[in-house]
Amino acid sequence: MAERLGAWQILLACLPPFFRNGMRRALLAVLALIVAVVGTALFRASSLKPAPALTAGTIAIPALPSADSSAAHLSAAVRFQTVTISETAPPPAAALDSMRGWMERTYPLAHKAMSREQIDGYSLLYKLTGKDAALAPIVLMGHMDVVPVEAGTETNWKHPPFSGAVADGEVWGRGSLDDKVNVVGLMEAIEAMLAGGFQPDRTIYIAFGHNEEVLGSGAKAIADTLRARGVRPALVLDEGGAILSEGLGLKRPAALVGVGEKGFMSVQLEVKSAGGHSSSPPPQTATGILARAVANVQERPLPRRLTPPVRSMIAAMAPEMGGAAKVVLGNLWLTKPLVLAQFGKKPETDAMLRTTTAPTMLQGSAKENALAARATAVINYRLLPGDSREDILAHVRRAVDDPRVNVSAYSTGAEPSTLSRPEGPAWAALSRAVGAVDTNTVMIPWLTTGGTDARYYSGMSDAVYRFSALVTSPAAMTLAHGMNERVSVAGFAGVVRFYARIIAEGGARW
Ligand SMILES: [Zn+2]
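Residues numbered from 1 in each chain as written. Predicted model: local features only at pLDDT ≥ 70, side-chain atom pairs only at ≥ 80, totals over all residues. Heavy atoms only, no water.

Caption draft 1: Representation of the coordination of the zinc ion within the structure. Within the protein, His 143 (NE2), Asp 178 (OD), Glu 239 (OE) and Glu 239 (OE) serve as the donor atoms for the zinc ion, at 1.9 to 2.5 Å. Classification of the site at the zinc ion as irregular follows from its four donor atoms and the range of 55 to 149° in their angles at the metal. Mapped onto the polypeptide sequence, the residues donating to the zinc ion form the spacing pattern H-x34-D-x60-E. Taken together, the positions of His 143 in strand β3 (residues 138-143) and Asp 178 in the loop between β5 (170-172) and α6 (180-195) put the pair 35 residues apart, joining distant regions of the chain. Here His 143 and Asp 178 have matching classes, each one buried. (Donors = N, O, S within 2.8 Å, 3.2 Å for Na, K, Ca; no water. Tetrahedral: all angles 85-135°; square planar, octahedral: opposite > 155°, others 65-115°. Helix = DSSP H or I, 4+ residues; strand = E, 2+ residues; numbered from the N terminus. Buried < 20%, exposed > 50% of the residue type's maximum accessible area, 1.4 Å probe, protein only.)

Dropping the structure here:
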């Protein structure tokens, strides 16, 4: 630094007086600009005030079941092996039938007060008719199916994956977190509300898909049914968020609510050749050409950018932070490149900033000494709102830039969802329900990077939110499809409180 100042002084001394004065003025101007910019940034940051505490609403809620009683029901639901394997495999019919029967026996008032339709075979659509038919209904969602337990890992679980063991203050098992916590939580709450004589102003639909884990034809059929009946929900709530007690750097718990979700599609790269024996290969084999194409695609990721949900997320987080983080997040006009770079460091946060590129499947020749007559690769893309499947195909063709490589859509995928606003009366009702878990929670909108059944409600409602009210940590969230999936008994009681409140508040006139 000292050397550089010295160089400036020498340069100034060498210049004629006219230039010397001009240079000084320029330097002063630059200095003044820096002071103004930094001052503005600091002032803006200091004027950001944390959001006020949530309220829990005022509508009377009847007594809810004890945490242990609810946990016993979640445990029973985990024992039904409602495992979806693949799009082409048949649904686990026997397990879904048994679970449906169990629900009828466990929640008799719900099954008396609500109508129930079976749609797409096994998905369930319940309807609790509201007092005022003129009010738009709300739709509360969950899914009954679970992902398989990875073969060979069953014995590594602390408690067998379909035991539903209640131990150490947790309910253990596949599906406890994803998504029976929401299915059973909703049923616990509606049963208790009905026992207390509750009748909503608005009609409440409860929609449980039976194959969310393999693209959700059941949830799609339910959404199509409602659309065909002219239903325009005032609020749709599905999984896809959580209450994080830590991990975001905030001073209090954060309710991450997905206000949109990414789309997805897979693109196939295909190279054909005459094949032949590997003892006399051409300079580039089909496999080699394909490998170059995959590398080209991987090296040309789509650019990072801030979409409305992520801007809303940052705007909600900034006032809750302290120190430098508050200044940086509170001044995107100045710090956007820095924020993009910081978020881009971790795959989880990078995924919120760009359409991601993931080469997944590769196939060449089946024999070591045979040239592939056909080599294929599949690249999975998760699309940011604003990108379309057509955009991605065009991008891949440009990135590959090789006429020998045929680029086509491998799967239909889904466009990114429409975006819901993190404000308005439906958001306010949701906030009051989150307040029933803990009023010291801050609402943080975000972009759900995985897929949920809620995408089928795109365009049907202005308020489609993805959120589960379980208080959790980033580490615990990864248990969803992994080993030792579990939900805390206390956390589940909070979920039931949340649902009782969203049924009361969401079902009210607003
Ligand atoms: Zn799920």
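Caption draft 2: Broad picture of helix α8 (residues 286-299). For α8, which comprises 14 residues, the first-to-last C-alpha distance of 20 Å matches the rise-based estimate of 20 Å (1.5 Å per residue) to within 8%. When α8 is considered as a whole, its buried residues turn out to be Ala 286, Ile 289, Leu 290, Ala 293, Val 294, Asn 296 and Val 297. In a view along the axis of α8, the buried residues occupy a sector of 160°, so they form one face of it. Those residues of α8 that are exposed and angled more than 90 degrees off the buried face are Arg 292 and Glu 299. (Expected span 1.5 Å × (residues − 1). Arc of directions from axis to C-beta.)

Caption draft 3: Geometry of the sheet that holds strand β4 (residues 166-167). Taken in spatial order, the three strands line up as β4-β5-β19 in an open sheet, and their pairing is antiparallel. If you trace the sheet from one side to the other, it starts and ends with β4 and β19 (486-488), each paired once. One ladder, built from three bridges, connects β5 with β19; its direction is antiparallel. By the bridge assignment, Trp 172 is partnered in β19 with Arg 486. (Pairing = 2+ DSSP bridges.)

Caption draft 4: View of the sheet that holds strand β10 (residues 263-272). Strands sit in the order β12-β14-β10-β15 across an open sheet of four strands; the sheet is antiparallel. This sheet does not close on itself; its edge strands, each paired only once, are β12 (356-363) and β15 (405-409). On average, adjacent strands in this sheet sit at an angle of 25° to one another, irrespective of strand direction. Both β10 and β15 contribute to a ladder of five bridges, which runs antiparallel. The partner of Glu 270 across the bridge, within β15, is Asn 406. Relative to the sheet, α8 contacts β10, β12, β14 (374-383) and β15, its axis offset from that of β14 by approximately 15°. Here helix α13 (residues 389-400) sits on the sheet in contact with β10, β14 and β15, set at roughly 35° to β10. (Axes fitted to C-alpha atoms, helices over the stretch in contact; angles between N-to-C directions. Contact = heavy atoms within 4.5 Å.)

Caption draft 5: Region of interest: the pairing of β3. Extensive coverage of β3 is indicated by the burial of six of its six residues. Burial along β3 is two-sided: Ile 138, Leu 140 and Gly 142 and Val 139, Met 141 and His 143, pointing in opposite directions, are all buried. Across six bridges, the pairing between β3 and strand β6 (residues 204-209) is parallel. The residue bridging Val 139 from the neighbouring strand is Tyr 205, located in β6. Here three bridges tie β3 to strand β7 (residues 235-238), and the two strands are oriented parallel to one another. Counterpart to Ile 138 in the pairing with β7 is Leu 235.

Keep in mind that these numbers describe shape and distance, not what the molecule does.
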